[in-house]
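# Summary of the model geometry
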Amino acid sequence: MAQNEWILDVLSDLSAFAVENGLTALAEQLDDTKLIAAAEISSRKNEVRAPADGNKTRYEPGSGGLGKHQHA
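Residues numbered from 1 in each chain as written. Predicted model: local features only at pLDDT ≥ 70, side-chain atom pairs only at ≥ 80, totals over all residues. Heavy atoms only, no water.

Between its first and last C-alpha, helix 1 (residues 6-20) extends 22 Å over 15 residues, near the 21 Å set by a 1.5 Å rise per residue. Of the residues making up helix 1, those classed as buried are Leu-8, Leu-11, Ser-15 and Ala-18. Projection of helix 1 onto a plane perpendicular to its axis shows the buried side chains occupying an angular sector of 85°, all on one side. Facing away from the buried surface of helix 1 by more than 90 degrees, the exposed residues are Asp-13, Phe-17 and Glu-20. Once helix 1 ends, the next one or two residues include Gly-22, with phi positive near 70°. (Helix = DSSP H or I, 4+ residues; strand = E, 2+ residues; numbered from the N terminus. Expected span 1.5 Å × (residues − 1). Buried < 20%, exposed > 50% of the residue type's maximum accessible area, 1.4 Å probe, protein only. Arc of directions from axis to C-beta.)

This next bit is on the confidence of the model for the protein. Model confidence for the protein is summarised by a mean pLDDT of 80, while 64% of its residues fall at 70 or above. At the low end of the mean pLDDT range in the protein sits strand 2 (residues 69-71), at 46; at the high end sits helix 1, at 97. Here residues 68-72 is a poorly scored stretch, pLDDT under 50, and it has 15 contacts once near neighbours within four places are set aside; other chains count. (pLDDT = per-residue confidence, 0-100. Contact = heavy atoms within 4.5 Å.)

For Leu-35, the location among the structural elements is in helix 2 (residues 24-48). Sequence separation between Leu-35 and Leu-11 is 24 residues, and the spatial gap between their C-alpha atoms is 9.8 Å.

Charged atoms that come close allow side chains of opposite charge to pair. Applying the stated criterion across every chain, the model contains one salt bridge. As a salt-bridge pair, Lys-45 and Glu-5 come within 2.3 Å of each other at their nearest N and O atoms. Of this pair, Lys-45 sits in helix 2 while Glu-5 sits in the segment before helix 1, and the two are 40 residues apart along the sequence. (Salt bridge = Lys/Arg side-chain N within 4 Å of Asp/Glu carboxyl O.)

Attention now moves to the nonpolar core. Counting residues in hydrophobic clusters, the biggest one holds seven residues: Leu-8, Leu-11, Ala-18, Ala-27, Leu-30, Ala-37 and Ile-41. The set of elements that each furnish at least two residues to this core consists of helix 1 and helix 2. Among the elements that make up this core, the one with the highest residue count is helix 2 (four residues). Discounting residues that sit within four places of it in the chain, Leu-8 has contacts with Lys-34, Ala-37, Ala-38 and Ile-41. (Core = buried A, V, L, I, M, F, W, Y, C linked by side-chain atoms within 4.5 Å.)

So this is what it looks like as structure tokens:
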């Protein structure tokens, strides 16, 4: 298992426990948290892969709005 993916299993176990014990709001929140964790883990994997030309993409606020990417 990858370095950070173990947390997804922990969140799944906590969510299952919450469902089994009638804690539906908590189970729903944990499911949302699992989605956020998976997205963040995936984005970190993508950051590790540098472009072949060595340029890095950075995200900066600017006249184009928040999140518009620019190349270094």
